[in-house]
Amino acid sequence: IYDGKEVDESKLRVKLSGGTGVIPDGLYSSSPDGALTFFFECKTGGYSGWIARISSGQPEELYIENITTRQVASTQVVRGSSHVAMQQIEVEIKGDFNFSTLTIDELNFNASATTNTEDIAEVKLFYTGTSTGFIDDNQFGTSATTSPFVFTSTEGVNIEKPGKYYFWLAYD
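Owing to the predicted nature of the structure, the values given are computational and were not obtained by experimental measurement. Chains are numbered independently. Their residues run from 1 in the order of the written sequence. For this predicted model, a pLDDT threshold of at least 70 governs which residues receive local features, and a threshold of 80 or more governs which side-chain atom pairs are given and counted, while totals over whole chains, interfaces and linings are taken from all residues. The side-chain quantities take in all heavy atoms of the structure and omit both hydrogens and water.

Caption draft 1: Representation of the sheet that holds strand β8 (residues 163-171). The 4 strands lie next to each other as β3-β4-β8-β6, forming an open sheet whose pairing is antiparallel. This sheet does not close on itself; its edge strands, each paired only once, are β3 (63-71) and β6 (123-129). When strand polarity is set aside, the average angle formed by the axes of neighbouring strands in this sheet is 25 degrees. Two strands form a pair only when DSSP identifies at least two bridges running between them. Numbering of helices and strands runs from the N terminus, with a helix taken as a DSSP run of H or I at least four residues long and a strand as a DSSP run of E at least two residues long. Here strand β4 (residues 84-94) pairs with β8 via 9 bridges, running antiparallel. Paired with Glu92 across the strands is Lys164, a residue of β8. Between N-to-C directions, angles span 0 to 180 degrees; the directions come from axes that are lines fitted to C-alpha atoms, helices contributing only their stretch in contact.

As structure tokens, then:
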């Protein structure tokens with residue numbers, strides 16, 4: 001299956017063979033005219049064609065469907081600890097795969113539920129992609145020291161497919 005109106009190897013989207021191939025759901029053309037070309041060749045004989053269900057539609061750009069936060073730290077944190085995960089932030093992305101890119105380049109938080117903000121030396125935000133476990137090796141933006149905590153990244157996080165993506169608010 002090729003983008004556009006001709007068989008052009010540089011525009012190959014999906015190659016199926018063996019009679020058991022399945023066209024992936026949500027396959028959209030990225031050609032400016034919206035065309036897809038299907039090329040069928042039977043090399044073994046016995047089959048004279050193929051059957052496919054095709055429908056047209058407007059692909060949906062990626063968008064943020066929901067943001068959920070969950071407290072993950074215990075109620076007490078030992079003074080002097082660093083990179084203590086306090087909240088998991090789950091960002092649910094909806095839309096069509098391979099159609100658009102969604103960039104997250106700023107997230108804001110406040111410390112209204114924190115008992116004593118003077119106990120917080122620094123706040124950091126980490127990004128773990130689709131991994132639900134906390135890993136402190138991919139910091140998003142720079143550290144913040146006063147509430148509201150604003151995290152801005154010049155590169156941002158570029159998301160190209162729907163799913164759930166995770167950020168972690170951590171205290172030092």
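Back to the text.
Caption draft 2: Representation of the pairing of β6. Any residue under 20% of the maximum accessible area for its type is buried, any over 50% is exposed, and the rest in between are partly exposed; the area is computed with a 1.4 Å probe on protein chains only. For β6, the buried fraction is high: 7 of the 7 residues fall into the buried class. Burial along β6 is two-sided: the residues Val123, Leu125, Tyr127 and Gly129 and Lys124, Phe126 and Thr128 are all buried. As defined by bridge partners, β6 adjoins β8 across 6 bridges and the pair is classed as antiparallel. Across the sheet, Lys124 pairs through a bridge with Ala170, a residue of β8.

Caption draft 3: Highlighting the packing of aromatic side chains. Pairing of aromatic side chains requires ring centres within 6.5 Å, counting the rings of Phe and Tyr and the six-membered ring of Trp. Pairs whose planes differ by under 30 degrees are stacked, by over 60 edge-to-face, and all others tilted. Enumeration over the complete set of coordinates arrives at 5 aromatic pairs. Taking the centre distance of 5.7 Å and the plane angle of 80 degrees together, the rings of Phe126 and Phe134 count as edge-to-face. Three or more aromatic residues link up through ring pairs in this structure, and these residues are Phe126, Phe134 and Trp168.

Caption draft 4: The arrangement of the side chain of Ser29 in detail. Tracing the backbone shows Ser29 in the loop between β1 (2-3) and β2 (36-37). Take Ser29: its relative accessible area is 15%, and that puts it in the buried class. Under this definition, polar contacts are N or O atom pairs within 3.5 Å; protein pairs additionally need one hydrogen-donor-capable and one acceptor-capable atom, and for neighbouring residues in sequence, both atoms have to be side-chain atoms. In terms of polar contacts, Ser29 uses its side chain to reach the backbone amide nitrogen of Ser31, at 2.9 Å. Here Ala35 takes part through its backbone oxygen, which lies 2.7 Å from a polar atom of the side chain of Ser29.

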